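Architecture at a glance
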Amino acid sequence: MAIIHRTTLKPTKLELLTDWLPSRPWYRGGPDTPVLTKSGGFRLEDPEGEVGIEFMVTTDTSAPEPTAYLVPLTYRAAPLAGAEHALVGTTEHGVLGSRWVYDGCHDPVLLAELLALIEGRVPAHAQSIDGALDPEVVRSYTGAPLTPDVLTPEPADDRESTRIPAPHGTVLHIHRVLSPVPENPPLRPEGAIGHVARGWKDPQGAPLTAVFVTLRPA
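Quick word on the pairing of strand S2 (residues 36-44)
Counting buried positions over the nine residues of S2 gives seven, a clear majority of the element. By the bridge criterion, eight bridges tie S2 to strand S3 (residues 52-60) in an arrangement that is antiparallel. From the neighbouring strand, Thr 37 faces S3, where its bridge partner is Thr 59.

Right, here's the structure in full:
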């Protein structure tokens, strides 16, 4: 079980994302520096206990219309070989020391656990409470068993999402720009064979909910 330490992080996750987000093709902000708040999310557990896995929702309030982004992140004690292009930044953790923070869409550990979550083999964990599961995360899957082999991530970004090839000719769609839906919990989108959804809060504290991830045939 991952331990959530109550300690310092320098720079903070939001400070790292403030510099990184504007470089993404799905970033909707203008020339002004993003003004980010942490709005929600959940965690997954690395079975080996080495890699921190977080699906963070962060809201940019720099424009008149706030935009919520889904940012999967992994935290490692050493660089991930071949993933220099996916590095969000490095930070100093008050307990664990130097941590390398990656866009999790490029991290095979995150992708393996995400597929396990979609299939129902592992649960989602609360973002900030040690040992607690997150009952607000919903998932579905209607396909054949997903092979838990090590994946070689080949993500492709567009204006809305990140697409990642997955087993059995499927494609993971990570919904980077979150679009709230009226249903709670959100239904699996038409044409998808699996999905993950959860809620978060807008800057005024109002609850919102959306599909975070879909799994579709290629």
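Things to note about helix H2 (residues 108-119)
In an α-helix, one full turn covers 3.6 residues, which means residues spaced three or four apart are oriented alike. The end-to-end C-alpha distance of H2, which contains 12 residues, comes to 17 Å, matching closely the 16 Å that a straight helix rising 1.5 Å per residue would cover. Along H2, the positions that sit buried rather than exposed are Leu 110, Leu 111, Glu 113, Leu 114, Leu 115, Ala 116, Leu 117 and Ile 118. The N-terminus of H2 is capped by Asp 107, whose side-chain oxygen sits 3.0 Å from the backbone nitrogen of Val 109.

So, the layout of surface pockets
In this structure, the second largest pocket spans a volume of roughly 210 Å³. Considering the residues around the second largest pocket, the lining is formed by 16 residues, among which Glu 136, Asn 184, Gly 199, Trp 200 and Leu 208 are closest to the centre. Of the residues that constitute the lining of the second largest pocket, the class distribution is seven nonpolar, five polar and four charged.

Focus: the pattern of salt bridges
Per the counting criterion, the structure on display carries 10 salt bridges. The closest approach of N and O atoms between Asp 103 and Arg 176, which form a salt bridge, is 3.0 Å. Residue Asp 103 is found in strand S6 (residues 97-103), and its partner Arg 176 is found in the loop between strand S10 (170-175) and strand S11 (194-201); the two are separated by 73 residues along the sequence. Residues Asp 103 and Arg 176 agree in their burial class; the two are buried. The residue Arg 198 makes a salt bridge to Asp 134 at a minimum N-O spacing of 2.7 Å. Here the residue Arg 198 occupies a position in strand S11, and Asp 134 occupies one in the loop between H2 and strand S7 (138-141), the gap between them amounting to 64 residues. Classification of Arg 198 by relative accessible area gives buried; the value is 13%. What you see here is one network of salt bridges that share partners, running through Lys 13, Lys 38, Arg 43 and Glu 54.

Here's the deal with the pairing of S10
Across the six residues of S10, five count as buried, placing the element largely inside the fold. In the sheet, strand S9 (residues 161-166) pairs with S10 via six bridges, with the strands oriented antiparallel. The residue of S10 that forms the bridge with Ala 166 is Thr 170. In sequence, S9 turns back onto S10 through a hairpin of three residues, with His 168 there showing a positive phi of about 60 degrees. Direction of pairing for S10 relative to strand S12 (residues 207-217): antiparallel, over a ladder of five bridges. Looking at S12, one finds that Leu 172 is bridged to Leu 215.

Examining the sheet that holds S9
With respect to topology, six strands assemble into an open sheet ordered S7-S11-S12-S10-S9-S8, the strand pairing being antiparallel. In the strand order of this sheet, the two ends are held by S7 and strand S8 (156-157), each with one partner. Running over the sheet, H2 touches S7, S9, S10, S11 and S12 and is turned about 80 degrees from S7.

Scoring rules and cut-offs
Residues numbered from 1 in each chain as written. Predicted model: local features only at pLDDT ≥ 70, side-chain atom pairs only at ≥ 80, totals over all residues. Heavy atoms only, no water. Buried < 20%, exposed > 50% of the residue type's maximum accessible area, 1.4 Å probe, protein only. Helix = DSSP H or I, 4+ residues; strand = E, 2+ residues; numbered from the N terminus. Pairing = 2+ DSSP bridges. Expected span 1.5 Å × (residues − 1). Polar contact = N/O pair within 3.5 Å; in protein donor to acceptor, adjacent residues only side chain to side chain. 1 Å grid on protein atoms, 1.4 Å probe; cavity = no way out; pocket = protein on both sides within 12 Å on 5 of 7 lines; lining within 4 Å. Points joined across faces, edges and corners; volume = space filled by probe spheres on them. Nonpolar A, V, L, I, M, F, W, Y, C, P; charged D, E, K, R; others polar. Salt bridge = Lys/Arg side-chain N within 4 Å of Asp/Glu carboxyl O. Contact = heavy atoms within 4.5 Å. Axes fitted to C-alpha atoms, helices over the stretch in contact; angles between N-to-C directions.

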